[in-house]
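Single-letter residue listing:
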Amino acid sequence: MRKKIIAGNWKMNKTLEEGKILASEVVNMAKDELRDDVQLVLCAPFVHLGSLQSMLADSTIALGAQNCSNHASGAYTGETSATMLKSIGVDYVILGHSERREYFGETDSLLAEKVDMALENGLLPIFCCGEPLDVREKDGQRAYVQQQIEESLFHLSAEDFGNVIIAYEPIWAIGTGKTASADQAQEMHAAIRKQITEQYGEEVANNTSILYGGSMKPGNAEELLACLDVDGGLIGGASLKSRDFVDIAKSY
Ligand code: PGA
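Throughout this document, residue positions are counted from 1 along each chain, in the order its sequence is written. Two thresholds apply to this predicted model, a pLDDT of at least 70 for residue-level local features and 80 or more for giving and counting side-chain atom pairs, whereas whole-chain, interface and lining totals are computed over all residues. Excluding hydrogens and water, the side-chain values take into account all heavy atoms of the structure.

*Asks:* Sorry if this is basic, but what is going on with the sheet that holds strand β7 (residues 210–213) here?
*Replies:* Working definition: the strands of a sheet are paired by backbone hydrogen bonds and lie parallel or antiparallel to each other. Should DSSP find at least two bridges between two strands, the strands are taken to pair. Segments assigned H or I by DSSP are reported as helices when at least four residues long, segments assigned E as strands when at least two residues long, and all are numbered from the N terminus. On the basis of which strands lie adjacent, the closed barrel formed by eight strands has the order β1-β2-β3-β4-β5-β6-β7-β8 and parallel pairing. Sheet twist, expressed as the average angle between the axes of neighbouring strands with direction ignored, equals 25 degrees. Throughout, an axis means a line fitted to C-alpha atoms (over the contacting stretch in the case of helices), and angles, computed between N-to-C directions, take values from 0 to 180 degrees.

Take a look at the structure:
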């Protein structure tokens, strides 16, 4: 059975104190209100991860980073390696977010290296894919996403691929308040699962969690999460409010 995952992507938000308050609110609400078959993940800025790790240690909530280097170690000023993340208790790492692709020039081949680095160090990559608006307007979204997945992930063995989580995030829906309709999300998620089936077989495909991201909030989460091939969400803006984030997870 594939895991249901609700991951919060805090992006570059929150001071340490604010982040600790947010995390402790999520821990307390989750303990009282959530079923334990939904895995919550908090993907916080690098500098907060060490402090949050000790806060989350006794909870079922996992810790995630938002990026890692494609290099193992060495003279890469300002970079953070997958080994370092693992050493402080990080479990998940978001890779290939559209903001990293757009503002930091991350390419499919660079992301293939980052995915390798994450997996070699026992981190679970949340690999983001998704098309810009002009591609959607020309109905090119399936080919666009397929290429992202093929070029960054299909060099992996079936065993390694089994540790990858995919997040489909149409760029036109990120931070815009526009959400893909449940039909649009389901159609793309089913296409991604079919692509995985063709490459790795049905068992691997059925065990792969495919999350939806892009303006998911308490008001639309139930409909999106009810889709057969939507296995959770990657939540940006709404993950900055503990009540909204936990309510999204509750709508499963
Ligand atoms: P959003 O961001 O929920 O604010 O649209 C999602 C994401 O970028 O992961």
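Further notes follow.
*Asks:* Looking at this model, I keep getting lost on the nonpolar core. Mind explaining?
*Replies:* For this analysis, a nonpolar core means a set of buried residues of the types Ala, Val, Leu, Ile, Met, Phe, Trp, Tyr and Cys, connected via side-chain atoms within 4.5 Å. Each residue gets one of three labels from its accessible area relative to the maximum for its type: buried under 20%, exposed over 50%, partly exposed in between, using a 1.4 Å probe on protein chains only. Among the nonpolar cores identified, the biggest contains 67 residues, and Leu40, Leu153, Ile166 and Ile192 are the most heavily contacted of them. Beyond its immediate chain neighbours, meaning those up to four positions away, Ile166 contacts Phe127, Cys129, Ile149, Leu153, Phe161, Ile192, Ile196, Ser209, Ile210 and Leu211. By size, the runner-up hydrophobic cluster in this structure holds 13 residues, among which are Ile5, Ile126, Cys128 and Leu234. What makes two residues a contact is simply this: any of their non-hydrogen atoms within 4.5 Å.

*Asks:* Could you clarify how one ought to interpret the side chain of Asp229 in this entry?
*Replies:* Residue position: Asp229 is located in the loop between α11 (218–225) and β8 (232–235). Of note is the side chain of Asp229, whose polar atom sits 2.8 Å from the side chain of Gln186. Polar contact is defined as a pair of N or O atoms within 3.5 Å, subject to the rule that within protein one atom must be able to donate a hydrogen and the other to accept it, and that residues adjacent in sequence are counted only when both atoms are side-chain atoms. Here Arg193 takes part through its side chain, which lies 2.5 Å from a polar atom of the side chain of Asp229. Residues within four places of Asp229 in sequence aside, it is in contact with Arg2, Gln186, His189, Ala190, Arg193 and Ile210.

*Asks:* It is not clear to me how the packing of α11 against helix α12 (residues 242–250) should be interpreted in this structure. Could you clarify?
*Replies:* In a pair of packed helices, the angle between the axes and the distance between the axes together describe the arrangement. Taken N-terminus to C-terminus, the directions of α11 and α12 make an angle of 20 degrees; their axes are 8 Å apart at the nearest point. As judged from the angle between their axes, α11 and α12 are roughly parallel. Judged by the sense of rotation from one axis to the other, the crossing of α11 with α12 is right-handed. Between α11, through Pro218, Ala221 and Leu225, and α12, the contact on the second element is made entirely by Asp244, Asp247 and Ile248. The nonpolar class holds Ala, Val, Leu, Ile, Met, Phe, Trp, Tyr, Cys and Pro. Asp, Glu, Lys and Arg form the charged class, and all remaining residues, Gly among them, are polar. Here the residues of the contact of α11 with α12 sort into four nonpolar, no polar and two charged. What sets the label is the angle itself: under 35 degrees gives roughly parallel, over 145 gives roughly antiparallel, 65 to 115 gives roughly perpendicular, and the rest give oblique. We call a crossing left-handed when the near helix sits turned anticlockwise from the far one by less than a right angle, and right-handed when that turn is clockwise.

*Asks:* Teacher, can you tell me more about helix α2 (residues 46–56) here?
*Replies:* One full turn of an α-helix is made of 3.6 residues, so residues set three or four places apart face in the same direction. Along α2, the positions that sit buried rather than exposed are His48, Leu49, Leu52 and Leu56. Each buried residue of α2 lies within a common arc of 115 degrees when the element is viewed along its axis, so the set occupies one face. α2 presents Val47 and Ser54 as exposed residues on the side facing more than 90 degrees away from its buried surface. Contacts from the buried residues of α2 go to α1 (16–33), β2 (38–43), β3 (62–65) and α3 (82–87). Taking the helix axis as origin, the arc is that swept by the directions to the C-beta atoms.

*Asks:* Please explain the pattern of salt bridges as it appears in this structure.
*Replies:* Two side chains bearing opposite charge may form a pair once their charged atoms approach each other closely. Definition used for salt bridges: Asp or Glu carboxyl oxygen within 4 Å of a side-chain nitrogen of Lys or Arg. Summed over all chains, the structure comprises 18 salt bridges. Close ionic contact of Arg142 with Asp139 constitutes a salt bridge, the shortest N to O distance being 3.4 Å. Under the relative-accessibility criterion, Arg142 is labelled partly exposed at 29%. Judged by relative accessible area, which is 48%, Asp139 ranks as partly exposed. With a closest N to O distance of 2.5 Å, Arg193 and Asp229 form a salt bridge. Of this pair, Arg193 sits in helix α9 (residues 182–200) while Asp229 sits in the loop between α11 and β8, placing them 36 residues apart in sequence. For the pair Arg193 and Asp229, a shared accessibility class is recorded, and that class is buried. Overlapping salt bridges bring together Arg2, Arg193, Asp229 and Asp231 as one network.

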